[in-house]
Amino acid sequence: MKHFSSSLHLFNQMCSLGVPVNEYSMSIAIKCCCQLNRTNDGFAVLLGSCFRRAIPPNVYIYSALLDGLVLEDKILEAEMLFKKLVKQKLCEPNVVMYNTMIKGLCKFSNNVTALALLRLMEQKNCKPDIFTYNTIIDSLFKDKMIDDALKLFKEMVCNKSILPDVITYTSLICGLCKFGRWDEASKMLRQMEDEKISPNVHTFNVLVDAFCKEGKVEEAEAVINIMIERGKAPDLVTYNSLIDGYCLRGEMIKAREIFYSITLRGLVPGVVTYSSLLNGYCKNLNIEKAEQMFHEMTVKGLKPDVVTYSTMIQGFFQVGRCVAARRLFDEMYAQGRIPNECTYRIVLEGLCKNRQVEEALSLFHLVGDSKLNSDIAVYNILINGAAKYGKVDIAKNLIGVKPRITGSNQTIKRKDRTTTHLDTDSPPNETVGLRFPTEDTDTPLRLENRV
């Protein structure tokens, strides 16, 4: 277990007792600060202790500081520091430092700069390693740059002679399955096993999740059986995906059975587990059962997230319970859950479909020039709602100001539905004070025969 605070306390004791410190102990102290999200303290240690004791900062110290900035999502500051180090030749970046910067850039989908940094490594004769390629390949897949990811994989194996590991293959299989390229995913899986690289729990979860999202729950269950045969215990992520798969097919009895079986396996259902069930019940218009599950999760001390609230709000609107939807929307705020673009679209669409176009427009005008109103889907919802209920003038006015941009999907999506996509948290969406207008081992693992 890592005791960063205790290590810092010991370092401070060393300094107060006059015990000599060197670059190594200094880099540990700075790393501890950064791992505790106290990068500013890390810089203070650097500027104070290093220079006062005439200890020249080295590549390890700078790497720790860069990592701290990346951990705190201060990617611009990290870029500035990195450029300063290179330009002023304060130190020669090593593979760890380059990897830290690449990790930060990919965290914010800045794949172009990450690839440029990879090329810079080659120019500087700093050999990229498996971590370098894995990070960029995974990020390219997340940004739907599939062919670029496969090209980089080929470069890694054929040109650089870097052998892929389980993380590499898991990213590739995940990305290919996600975009329906099952034959290529199957080929990657065979290649992985031919190279004697055993799938881990994460790899199996990727396959289970991919099958479930396609509604192929029988195939997902077959993967789970193979997983167990090979000594890999399914975790909560595995069962969350399976529950979600059955909910997508409307098989709520089966989804509920798996839900109750989770506790028998020593696992504790979480917010994602409950949210999947809620979504299933809402899609089947069984809002009473959804309310029961929502109440159950709060009684058990689980805090609904934005996805949970958005699901329930949509469910209420679908059965015409607008007052309940409003009440839950206000509760969402009271609990500190800030609605996102998806929630906003759900509310507008719910109001319009329940003949409350004026209230939807009031909310639209209340939001004003916020980013929430920059989505073309918002305008489509309002225009369709106004036109459907005879408010042609309103529809015409909205068409006149409709932005020429591509809107996003109106389906509720959870980035943290599973951990199989290696997703990192995105920066929070822009929000405003949104309120309703006042008113009431042995079995071969294959894909091709299961698609």
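What counts and what doesn't
Every chain is numbered on its own, with residues counted from 1 as its sequence reads. Residue-level local features of this predicted model are given only where pLDDT is at least 70; pairs of side-chain atoms are given and counted only at 80 or more, and the full residue set underlies all totals for whole chains, interfaces and linings. Hydrogens and water molecules were not included; the side-chain quantities draw on all heavy atoms of the structure. The rule for a salt bridge is simple: a side-chain nitrogen of Lys or Arg has to be within 4 Å of a carboxyl oxygen of Asp or Glu. Each residue is placed in one exposure class: buried if its accessible area under a 1.4 Å probe, protein chains only, is under 20% of its type's maximum, exposed if it is over 50%, and partly exposed if it falls in between. Secondary structure elements are defined from DSSP: runs of H or I of at least 4 residues count as helices, runs of E of at least 2 residues count as strands, and each element is numbered from the N terminus. In plain words, nonpolar cores are sets of buried Ala, Val, Leu, Ile, Met, Phe, Trp, Tyr and Cys residues tied together by side-chain atoms within 4.5 Å. Residue contacts are counted whenever heavy atoms from the two residues lie within 4.5 Å of one another. Method remark: on a 1 Å grid restricted to protein atoms, a set of points is classed as a cavity if a 1.4 Å probe fits but cannot get out and as a pocket if it is open with protein on both sides within 12 Å along at least five of seven lines; lining residues have an atom within 4 Å of a point. Grid points are joined across faces, edges and corners, and a volume is the space filled by probe spheres set on the points. Charged means Asp, Glu, Lys or Arg here, nonpolar means Ala, Val, Leu, Ile, Met, Phe, Trp, Tyr, Cys or Pro, and polar covers whatever is left, Gly included. Two N or O atoms count as a polar contact when they lie within 3.5 Å, although within protein this holds only if one can serve as hydrogen donor and the other as acceptor, and sequence-adjacent residues are included solely when both atoms are side-chain atoms. Any pair of cysteine sulfurs within 2.5 Å is marked as a disulfide. Paired rings are identified among Phe, Tyr and Trp, the last through its six-membered ring, by centres lying within 6.5 Å, and are further divided according to the angle between planes into stacked (under 30 degrees), edge-to-face (over 60) and tilted (the rest). Confidence scores labelled pLDDT are given residue by residue by the predictor and lie between 0 and 100. The span you would expect from a helix comes to 1.5 Å times its residue count less one. An axis is simply a line fitted to the C-alpha atoms; with a helix, the fit covers only the stretch in contact. Between two such axes, the angle follows the N-to-C directions and lies from 0 to 180 degrees. For classification purposes, angles smaller than 35 degrees are called roughly parallel, those larger than 145 roughly antiparallel, those between 65 and 115 roughly perpendicular, and all remaining angles oblique.

## Comments concerning the pattern of salt bridges
Item 1. By the definition in use, this model includes 18 salt bridges.
Item 2. In this structure, aspartate 41 engages arginine 38 in a salt bridge whose closest nitrogen and oxygen atoms are separated by 2.8 Å.
Item 3. Judged by relative accessible area, aspartate 41 falls into the partly exposed class, the value being 32%.
Item 4. Via salt bridges that share partners, Arg119, Glu122, Glu155 and Lys160 belong to a single interconnected network.

## Quick look at the environment of methionine 97
Item 1. Structurally, methionine 97 is set in helix 6 (residues 95-107).
Item 2. Each C-alpha atom, one on methionine 97 and one on leucine 66, is 7.5 Å from the other, the two residues being 31 residues apart in sequence.

## Some remarks on the nonpolar core
Item 1. Residues Met26, Leu277, Met312 and Ile313 are the most contacted members of the largest nonpolar core, which totals 130 residues.
Item 2. Element by element, the count of residues in this core is highest for helix 4 (residues 59-71), at 8 residues.
Item 3. Apart from the residues within four sequence positions on either side, methionine 26 is in contact with Phe11, Val21, Val45, Ser49, Cys50, Arg53, Ile55 and Ile61.

## Describing the layout of surface pockets
Item 1. In this structure, the second largest pocket encloses a volume near 270 Å³.
Item 2. Forming the walls of the second largest pocket are Ser27, Ile28, Lys31, Gln35, Tyr60, Ser63, Ala64, Asp67, Asn94, Val96, Thr100 and Lys103.
Item 3. Listed by contribution, the elements that provide at least two residues to the lining of the second largest pocket are helix 2 (23-35), helix 4 and helix 6.
Item 4. Here the residues of the lining of the second largest pocket sort into 4 nonpolar, 5 polar and 3 charged.

## Regarding the side chain of glutamate 193
Item 1. In this fold, glutamate 193 is placed in helix 11 (residues 182-194).
Item 2. Separated by 2.6 Å, the side chains of glutamate 193 and arginine 230 make a polar contact.

## A look at the state of the cysteines
Item 1. Scanning the model with the defined rule gives 0 disulfides in all.
Item 2. Summary of cysteine pairing: cysteine 33 is not part of a disulfide, and the nearest cysteine sulfur, belonging to cysteine 34, is at 6.5 Å.
Item 3. Looking at cysteine 177, it has no disulfide partner, and the nearest cysteine sulfur is the one in cysteine 174, 7.5 Å off.
Item 4. Of the residues examined, cysteine 177 reaches a relative accessible area of 3% and is grouped as buried.

## Overview of the packing of aromatic side chains
Item 1. By the definition in use, this model includes 8 aromatic pairs.
Item 2. Aromatic pair phenylalanine 329 and tyrosine 333: ring centres 5.9 Å apart, planes at 70°, arrangement edge-to-face. Here the residue phenylalanine 329 and the residue tyrosine 333 both occupy positions in helix 19 (residues 322-334), the gap between them amounting to 4 residues, near one helical turn. Per residue, the accessibility class of phenylalanine 329 equals that of tyrosine 333, and both read buried.
Item 3. Both rings, one in phenylalanine 364 and one in tyrosine 379, keep their centres 5.4 Å apart while their planes meet at 85°; by these two values the pair is edge-to-face. Residue phenylalanine 364 is found in helix 21 (residues 357-367), and its partner tyrosine 379 is found in helix 22 (residues 376-388); the two are separated by 15 residues along the sequence.
Item 4. Phenylalanine 364 gets classed as buried once you look at its relative accessible area, which sits at 8%.

## Some words on the confidence of the model for the protein chain
Low-confidence regions, as indicated by low pLDDT, have predicted coordinates that should not be scrutinised in detail.
Item 1. A residue-level look at the protein chain finds 86% of positions with pLDDT of 70 or above and a mean pLDDT of 85.
Item 2. The low-confidence segment residues 405-442, where pLDDT is below 50, has 106 contacts with residues more than four positions distant or belonging to other chains.

## Let's talk about helix 17 (residues 287-299)
Item 1. Along its 13 residues, helix 17 runs 18 Å from first to last C-alpha, staying within 8% of the 18 Å computed at 1.5 Å per residue.
Item 2. Taken as a whole, helix 17 has its buried residues at Ile287, Ala290, Met293, Phe294, Glu296 and Met297.

## Structural notes on the packing of helix 2 against helix 4
Item 1. Interhelical geometry of helix 2 versus helix 4 gives an angle of 0° and a closest axis separation of 9 Å. In terms of their interaxial angle, helix 2 and helix 4 are classed as roughly parallel. Facing Glu23, Met26, Ser27, Ile30, Lys31, Cys34 and Gln35 of helix 2, the residues of helix 4 in contact are Tyr60, Ile61, Ala64, Leu65, Asp67, Gly68 and Leu71.
Item 2. Looking at side-chain class alone, the contact of helix 2 with helix 4 contains 8 nonpolar, 3 polar and 3 charged residues.

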